[in-house]
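Residues per chain are reported as follows:
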Amino acid sequence: MYVCNCNGVTRAEVDEAISAGAQGPTDVLAHHGCEPCCGRCLPEIAESISCGGMAGTRSLVAAE
Ligand code: FES
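Residues numbered from 1 in each chain as written. Predicted model: local features only at pLDDT ≥ 70, side-chain atom pairs only at ≥ 80, totals over all residues. Heavy atoms only, no water.

A. Main features of the environment of V14. Relative to the elements of secondary structure, V14 occurs in helix α1 (residues 11–19). Once residues within four sequence positions are removed from consideration, V14 is found in contact with V3, V9, V28, H32, I45 and S48. (Helix = DSSP H or I, 4+ residues; strand = E, 2+ residues; numbered from the N terminus. Contact = heavy atoms within 4.5 Å.)

In structure tokens form, the structure reads like this:
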């Protein structure tokens, strides 16, 4: 599942960047050689960072 449609960055790639030490949404995109375009994904990436990554996985687990 893509988190950033502009750059084709997936949930797993967001989590990978957070695990590698990305501190902010632009760091996450930069980790994969990208820059923000429309910016729509930035709040979701920021939420993932505040949750320590795998925010989508935690949501799925909590929903079960
Ligand atoms: S969806 Fe990420 S910059 Fe547009």
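B. Structural detail: the side chain of S48. If you trace the backbone, S48 turns up in helix α3 (residues 42–50). Judged by relative accessible area, which is 1%, S48 ranks as buried. Within the local environment of S48, its side chain forms a polar contact with the side chain of R11, the two groups lying 2.6 Å apart. (Buried < 20%, exposed > 50% of the residue type's maximum accessible area, 1.4 Å probe, protein only. Polar contact = N/O pair within 3.5 Å; in protein donor to acceptor, adjacent residues only side chain to side chain.)

C. Examining the nonpolar core more closely. Core analysis: the biggest nonpolar cluster contains twelve residues, these being V3, C4, V9, V14, A17, I18, A22, V28, L29, C34, C41 and I45. Sorting the residues of this core by element identifies β1 (2–4), α1 and α2 (25–31) as the ones contributing at least two each. Considering every element that reaches this core, the biggest residue donor is α1, with three residues. (Core = buried A, V, L, I, M, F, W, Y, C linked by side-chain atoms within 4.5 Å.)

D. Quick look at the environment of V28. Of note, V28 is situated in helix α2. The class for V28 is buried, based on a relative accessible area of 0%. With residues near it in sequence (within four places) discarded, V28 still touches V14, A17, I18, A22, I45 and I49.

E. Broad picture of the confidence of the model for the protein. Counting all residues, the mean pLDDT for the protein is 88, and 84% of those residues have values of 70 or more. Per-residue pLDDT, averaged within each element of the protein, yields its smallest value for helix α4 (residues 55–63) (51) and its largest for strand β2 (residues 9–10) (98). (pLDDT = per-residue confidence, 0-100.)

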